[in-house]
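# Descriptive structure summary
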Amino acid sequence: MSISTDRPWRDPALPAAERAGLLLAAMTLEEKIAQLGSRWAGNDMADHELAERSPDETINVAPMEDVFSVGGSLSLEESSRDGLGHLTRVWGSYPQTVEEGVAEVVRQHEVVLNESRLGVPALVHEECLTGFTTYGATVYPASIAWGATFDPSLVERMAAAIGRDMAAVGVHQGLSPVLDVVRDYRWGRVEETMGEDPYLVGILGSAYVRGLQSAGVIATLKHFAGYSASRAGRNHGPVSMGRRELLDIILPTFETAIATAGAGSVMSSYADLDGLPASADPWLFTDVLREDWGFEGTVVSDYWAVPFLASMHRVAADNADAGVLALTAGTDVELPDTIGYLSLLDKVKAGEVSEDLIDRAARRVLLQKAELGLLDEDWTPQRSVQSGVDLDSAENRAIASELAEKSVVLLDAGSVLPLSGVAKVAVVGPCADDPRTLMGCYAFPNHVLPRYPELGPGISIVAPFEALRNELAGVDVSYAKGCEVTGDDRSGFAAAVAAAEDSEVCVAFVGDLSGLFGHGTSGEGCDAEDLRLPGVQGELLEALLDTGKPVVVVVVSGRPYALGLFADRVAGLVQAFIPGQEGAAAIAGVLSGRIVPSGKLPVQIPRHVGGQPGTYLQPALGSVESEGISGLETRPLYPFGYGASYTDFTIADLRLSVPEIGTDGEFTATVRVANTGDRGGDEVVQLYLRDVVARVARPLKLLTGFARVSLEPGQTVDVTFRVHADRTAYTGPDLRRIVEPGDVEVMVGTSSLDLPCRAMLRVTGDVRVVGHDRVLTTPVTISKAVLTSEEGGGG
């Protein structure tokens, strides 16, 4: 292969960093700035979003019309005259076949190459939160369901499959995973998170990163940082959070994914923390992310986060000043269209921003393009894509099915689960016969296809009613809707009550329908006033329970709802967190008993509709230990980590390898786990630590390790956690992270409130300050137990 001497950056034999440097040196200032921008050529959402804005809303600076129209007013050709950093959602904006999508990717690439002097390809990015967000692609369970699996290896397999599909059709970067830690269940984007514990989120998020990037697709961690802690759970709401909470609860998930999985990109948050918008915060994006953590990838803005600095946060006079703020703070690429960065050339010429900052960001973008092969001499748009790719393959659906099955949480088997010997079942509720309720807000059928109702879901998907009818062969299964997910129409109550009265068991499917910006009960911009079931679904359950018939309640939702009014009256209770395309069969299998449930709660199920905050990460004053000082009850209905089964497990015999360690030492904690039931199944063994006395008020317990264990009846294993002293580190009064001497309680069990195995460990030595190089994970080994004769073994 002959490399043009005037374009040496095309030589794949050279190191990627050298190639990026050579290309940067050959660029004009205009061409460098172009690498920091993007174009959403297929966007038809802007007019829709503008229509949702209140007509009497007055915005004096950088109005929303400007936000949507400045970059969008330019054609792709005009946007590409000096090159282009990113092509936005070529696949994810409107429905198209694989052949049409491939052709459109090639077309847009050719525009970028032909219109620019140097012909540098653009990166193509797409959403991939519940799978590749495009028409006809597999819809996997939502992230909150991944959390319920407590299974990082399965999440990694899913992400690898998503990455392979995306890479095959020319996608270079995926805008996932979401590493926000749930702080308020009312927030609409709870469904996009993996739960309320930073260790669980960090481990599963890292697994997703490894899977996606194994296929050559850059993973993007979002939203950096604090987005999920908005006041009252309101989307884009301000965040009232101290630096310590940010350092100990919010940031470790991102840090873990960077340190252990090598995440290639980070996305800015819309939030402001204590008045400072994340996108304008150099402490976050330069001091912490770059200097402390050594992150070398790219920072991309959340969509329109740059102009929002002017229109929403009002910390910039206009879009141009917003661009300077974001670039200075450390945002490398503006998405989804170049708006704030359009004026960077003028700002450099006026001396208001240094060209060094342009070079800093452009070098990072070009380095990724070199690493992905986009700068290679033989790269062409045609060679970057494949035709005939099956985006909803049998392999994909098998992974989606396994995820769904492992994510369904049995809260209470009650008196009738699993269903057996039942001749007549009534299926009721708004989530029973609507497959959309199985999918999240970033699933293409809920994200884009509501604008194209004539097309249907674009994938093969069945609703729970049909799945349960198929599951219960020979059983008379009837259906009555009862009510909609939202609204106050009770006209269907009578039919639902009649169906229940005419049955042996009634199965009620209630919960959410995901959507965007108020067009749903869960999802982005679909925040809740409180935690009662949406619409009149709670009233429907009351009417069904009043019949006296056994009622099994299945909650299909993106957030936990308060179920305290119903829990002691139901004949069975199941939580299914948006289980995806194969979710209906998974739920039906749990109800029938074909599947032994093994999901665990990644968020607590509250008892009361207004119980806030509801997460288990509470210091003494926010926990059950403080009951009596307030009339508000803090105990959840079901705790974090909880999940019942159709078989029985015991966890016992906690053994610490040593009674004490130094502040730089480690110990092992081993427990014996046995399946004492009559069916094979999975248990999730959970290790928590408690700092008995600390320099600041800390949560009474923190998940520090976990392991999903599969056991046949009678089988026993030893589960060993290797815990470094670094895992006890926290942010002290002076905002330095420390490991200090003192007593630490080690607790092992099956939920945050079921911890039968406890022991005290002594940490000795001097206080030790730790940084990014500290141990962030707790390795686990599972080995065959050596039983004594008393335990039924031979020694």
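See the structure above.
Residues numbered from 1 in each chain as written. Predicted model: local features only at pLDDT ≥ 70, side-chain atom pairs only at ≥ 80, totals over all residues. Heavy atoms only, no water.

## Remarks on the environment of Val 671
- You can see Val 671 is positioned in strand β18 (residues 666-675).
- Relative accessible area serves as the criterion here: at 1%, Val 671 is assigned to the buried category.
- Along the sequence, Val 671 and Val 748 sit 77 residues apart, while their C-alpha atoms lie 7.8 Å from each other.
- The residues contacting Val 671, other than those within four sequence positions of it, are Ile 651, Ala 652, Asp 653, Leu 654, Arg 655, Val 685, Val 717, Asp 718, Val 719, Val 748 and Cys 757. (Helix = DSSP H or I, 4+ residues; strand = E, 2+ residues; numbered from the N terminus. Buried < 20%, exposed > 50% of the residue type's maximum accessible area, 1.4 Å probe, protein only. Contact = heavy atoms within 4.5 Å.)

## Regarding the pattern of salt bridges
- Tallied over the entire structure, the rule returns 44 salt bridges.
- Asp 530 serves as the salt-bridge partner of Arg 532, at 2.8 Å between the closest nitrogen and oxygen.
- What makes Arg 532 partly exposed here is its relative accessible area of 47%.
- Across the pair Asp 718 and Arg 672 runs a salt bridge whose closest N-O atoms are separated by 2.9 Å. Of this pair, Asp 718 sits in strand β21 (residues 716-724) while Arg 672 is found in strand β18, placing the two residues 46 residues apart along the sequence.
- Taking relative accessible area as the criterion, Arg 672 reaches 10% and is therefore assigned buried.
- Salt bridges here are not isolated pairs; linked through shared partners, they connect Asp 151, Arg 157, Glu 402 and Lys 406. (Salt bridge = Lys/Arg side-chain N within 4 Å of Asp/Glu carboxyl O.)

## With respect to the state of the cysteines
- Enumeration over the complete set of coordinates arrives at zero disulfides.
- Free cysteine Cys 441: the closest other cysteine sulfur is in Cys 526, separated by 7.2 Å.
- You can call Cys 441 buried: its relative accessible area is 0%. (Disulfide = S-S within 2.5 Å.)

## Comments concerning the sheet that holds strand β23 (residues 737-739)
- Read across the open sheet, the three strands follow the order β22-β23-β26; overall the sheet is antiparallel. The open sheet has two edge strands, β22 (730-731) and β26 (768-769), and neither has a second partner.
- As defined by bridge partners, β23 adjoins β26 across two bridges and the pair is classed as antiparallel. Bridging across to β26, Val 739 finds its partner in Arg 768. (Pairing = 2+ DSSP bridges.)

## Overview of the packing of aromatic side chains
- Scanning all chains against the criterion turns up 19 aromatic pairs.
- Among the aromatic residues, ring-to-ring pairing joins Phe 150, Tyr 199, Tyr 616, Phe 640, Tyr 688 and Phe 706 into one connected group.
- Lying over the aromatic face of Trp 283, Arg 243 brings its terminal NZ or CZ to 3.6 Å of the ring centre. (Phe/Tyr/Trp six-rings, centres within 6.5 Å; stacked < 30°, edge-to-face > 60°. Lys NZ or Arg CZ within 6 Å of the ring centre and 35° of its normal.)

## So, the side chain of Thr 88
- On the secondary structure map, Thr 88 appears in strand β2 (residues 86-88).
- Under the relative-accessibility criterion, Thr 88 is labelled buried at 1%.
- Here Thr 88 is in contact with Ser 38, Arg 39, Trp 40, His 125, Tyr 303 and Pro 336, once residues within four sequence places are set aside.

## Here's the deal with the pairing of strand β15 (residues 572-577)
- Of all six residues in β15, six are buried, a share of seventy percent or more.
- Because side chains alternate across β15, one face comprises the buried residues Gly 572, Val 574 and Ala 576, and the other comprises Leu 573, Gln 575 and Phe 577, equally buried.
- Looking at chain direction, strand β10 (residues 409-412) and β15 are connected through three bridges and run antiparallel. Paired with Val 409 across the bridge in β15 is Gln 575.
- Relative to β15, strand β14 (residues 551-557) is paired through six bridges, and the arrangement is parallel. Across the sheet, the residue bridging to Val 553 is Leu 573, located in β15.

## As for the packing of helix α18 (residues 464-471) against helix α21 (residues 583-592)
- Interaxial distance between α18 and α21 falls to 8 Å at its minimum, and their mutual angle equals 45°. With respect to each other, α18 and α21 are oriented oblique. Classified by chirality, the crossing of α21 by α18 is right-handed. In this structure, α18 contributes Pro 464, Ala 467, Leu 468 and Glu 471 to the contact, and α21 contributes Ala 584, Ala 585, Ala 588, Gly 589, Leu 591 and Ser 592.
- Of the residues contributing to the contact of α18 with α21, the split by class is seven nonpolar, two polar and one charged. (Axes fitted to C-alpha atoms, helices over the stretch in contact; angles between N-to-C directions. Parallel < 35°, antiparallel > 145°, perpendicular 65-115°, else oblique. Left-handed = near helix turned anticlockwise from the far one by under 90°. Nonpolar A, V, L, I, M, F, W, Y, C, P; charged D, E, K, R; others polar.)

## So, the packing of helix α1 (residues 16-26) against helix α15 (residues 355-371)
- One can describe the packing of α1 onto α15 by two numbers: an axis separation of 8 Å at closest approach and a directional angle of 130°. Taken together, α1 and α15 sit at an angle that is classed as oblique. For the element pair α1 and α15, the recorded crossing hand is right-handed. Residues Ala 16, Ala 17, Arg 19, Ala 20, Gly 21, Leu 23 and Leu 24 of α1 pack against Asp 359, Ala 362, Arg 363, Leu 366, Leu 367, Ala 370 and Glu 371 of α15.
- The class makeup of the residues in the contact of α1 with α15 is nine nonpolar, one polar and four charged.

So yeah, pure geometry; function would need other evidence.
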